[in-house]
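Residues per chain, in single letters:
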Amino acid sequence: MTFSSDTAFAPGTPYAPELSYAQDMAYAPDQFQGPEPVRAPDLLFAPEAPVASETAYSPAMTVAPAPSVVSAPFAPSVAPDASFVQAAPVTAGVPTTAGTVMAGGDTSGSGYDMKAAKALAFARAQIGRPCVWGAAGPGSFDCAGLTRAAWMVAGVALPRTARDQATATTAIPLTDLRVGDLIFFYGDVSHVGLYVGNSMMIHAPSPGAYIREESIFYAGQAAIHSAARPA
């Protein structure tokens, strides 16, 4: 049986599946399940209010550079020894180059200079060898052993110790130093070196060190005792 959508449903009339929605509601309202109501949004999860720093733009702060600090010149706590400031000739008479004398006349070509050249050549050949107390060569030397061996090559015999060498040679003023002369050190005349010019010498400094060329002021000007000429 066909019903139109506006036809009233009579009670007792058999249910037909083609009945309209109104007839379905009149026929079995308890069996009809209508659409679920729309659920209201959950207010517990409402979005938070924006933070003030997000809503208002704050320009970046400009950081001023730290002021530069100028350090004062370093002042040493202990004044340096004046004798070590700069090696300078004792006087104007000290030679400035090997074989050349600033004052006192030209000595090139003399017999002494020829002997001194031989002694100097031997001493230079020993640079780098060890310094050993009491040694007189050929593999190691002490200070007096080195000067004795150097002048022996030149045909001049010297005593074994620095003090005896100072006694056996001719004392000269420091203003008259020439290449090959001997320079003695300390009050007890316990050290000796071979002068090579330009305020330099070759010597065996001390046990445990090595033979080297060094300033005659290596221990300070006050450490120089005297000078002498072997021949």
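Within every chain, residues take consecutive numbers counted from 1 along the sequence as written. It should be noted that, the model being predicted, local features are given only for residues of pLDDT at least 70 and side-chain atom pairs only at 80 or more, the latter also being counted only at that level, while totals for whole chains, interfaces and linings use all residues. Note that the side-chain values use all heavy atoms of the structure and ignore hydrogens as well as water.

## Some thoughts on the overall build of the protein
Rules: Each helix is a run of H or I in the DSSP string that is no shorter than four residues. Each strand is a run of E no shorter than two, and both are numbered from the N terminus. Every residue pair with non-hydrogen atoms within 4.5 Å of one another is taken to be in contact. Using a 1.4 Å probe, the Shrake-Rupley method yields the accessible areas, and only the shown protein chains count as cover for residues.
Helix and strand counts for the protein come out as five helices and six strands. Walking the protein from its N terminus toward its C terminus, one meets helices and strands in the order α-α-α-α-α-β-β-β-β-β-β. Summarising the internal contacts of the protein: among those between residues at least 6 apart in sequence, 56% fall at separations of at least 24. A total accessible area of about 14800 Å² is found for the protein, and carbon and sulfur atoms account for 61% of it.

## Details of the layout of surface pockets
Keep this limit in mind: Every definition here rests on a 1 Å grid over the protein atoms only: cavities are sets of points where a 1.4 Å probe fits but cannot get out, pockets are open sets enclosed by protein on both sides within 12 Å along at least five of seven lines, and lining residues have some atom within 4 Å of a point. Grid points are joined across faces, edges and corners, and a volume is the space filled by probe spheres set on the points. The classification used treats Ala, Val, Leu, Ile, Met, Phe, Trp, Tyr, Cys and Pro as nonpolar, Asp, Glu, Lys and Arg as charged, and all other residues, Gly among them, as polar.
Of the pockets and cavities examined, the largest pocket occupies roughly 290 Å³. Forming the boundary of the largest pocket are 17 residues, of which Trp133, Gly134, Asp142, Cys143 and Ser190 lie nearest the centre. Taken together, the residues of the lining of the largest pocket sort by class into 10 nonpolar, five polar and two charged.

## Looking at the pairing of strand E4 (residues 200-203)
The side chains of a regular strand alternate, residue by residue, between the two faces of the sheet. As a reminder of what qualifies: Pairs of strands are assigned from DSSP output, requiring at least two bridges between the strands.
Relative to E4, strand E3 (residues 191-197) runs antiparallel, the two sharing three bridges. Paired with leucine 194 across the bridge in E4 is isoleucine 202. The hairpin formed by E3 and E4 contains two residues between the paired strands, and asparagine 198 there has a positive phi angle of roughly 55°. In this sheet, strand E5 (residues 212-215) lies alongside E4 in antiparallel orientation, the contact comprising four bridges. Counted as the bridge partner of methionine 200 is serine 215 from E5.

## Comments concerning the side chain of glutamine 126
In this structure, glutamine 126 sits in the loop between helix H3 (111-125) and helix H4 (143-153). Apart from the residues within four sequence positions on either side, glutamine 126 is in contact with Pro138, Phe141, Leu146 and Ile211.

## A short note on the pattern of salt bridges
For the record, the criterion: Salt bridges are identified by distance alone: a Lys or Arg side-chain nitrogen within 4 Å of an Asp or Glu carboxyl oxygen. Burial classes follow relative accessibility: with a 1.4 Å probe on protein chains only, a residue under 20% of its type's maximum area counts as buried, one over 50% as exposed, and anything between as partly exposed.
Tallied over the full model, the rule gives six salt bridges. Across the pair arginine 229 and aspartate 181 runs a salt bridge, and its minimum N-O distance is 3.0 Å. Of the two residues, arginine 229 sits in strand E6 (residues 224-229) while aspartate 181 sits in the loop between strand E1 (170-172) and strand E2 (182-185), which places them 48 residues apart along the sequence. Each member of the pair, arginine 229 together with aspartate 181, is buried.

## Brief notes about the environment of valine 179
Along the chain, the position of valine 179 falls in the loop between E1 and E2. For the pair formed by valine 179 and leucine 194, sequence separation is 15 residues and the distance between their alpha carbons is 8.0 Å.

## Remarks on the nonpolar core
Soluble globular proteins: nonpolar side chains tend toward being buried together. So the rule is basically this: Throughout this description, the term nonpolar core refers to a set of buried Ala, Val, Leu, Ile, Met, Phe, Trp, Tyr and Cys residues connected via side-chain atoms within 4.5 Å.
Ranked by internal contacts, the top residues of the largest apolar core, which has 29 residues, are Trp151, Leu182, Phe184, Val192, Leu194, Ile202 and Ile211. Of all elements in the fold, only H3, H4, E2 and E3 reach the threshold of two or more residues within this core. The biggest single contributor to this core is H4, with six residues.

## Digging into H4
Across the 11 residues of H4, eight count as buried, placing the element largely inside the fold. Of the positions making up H4, those classed as buried are Cys143, Ala144, Gly145, Leu146, Thr147, Ala149, Ala150 and Trp151. Contact partners of the buried residues in H4: H3, helix H5 (162-168), E2, E3 and E4. Downstream of H4 by a residue or two, glycine 155 has a phi angle that is positive, lying close to 90°.

## Regarding the sheet that holds E4
So the rule is basically this: Angular values range over 0 to 180 degrees, each being the angle between N-to-C directions of two axes fitted as lines to C-alpha atoms, with helices fitted over their stretch in contact.
Strand order in this open sheet of six strands is E1-E6-E2-E3-E4-E5, and the pairing throughout is antiparallel. Among the strands making up the open sheet, the edge pair consists of E1 and E5. Direction aside, neighbouring strands of the sheet carry axes that sit 40° apart on average. Bridge count for E2 against E6 is four bridges, and the pairing is antiparallel. In the strand pairing of E6, leucine 182 is matched with alanine 228. Lying on the sheet, H3 is in contact with E3, E4, E5 and E6; it crosses E3 at an angle near 115°.

## So, the confidence of the model for the protein
Selection criterion: Residue-level confidence of the predictor is what pLDDT reports, using numbers from 0 through 100.
A residue-level look at the protein finds 53% of positions with pLDDT of 70 or above and a mean pLDDT of 72. The model gives residues 1-9 a pLDDT under 50, and that stretch makes 14 contacts with residues more than four places away or in other chains. The low-confidence segment residues 51-61 (pLDDT under 50) makes one contact with residues lying over four places distant or belonging to another chain.

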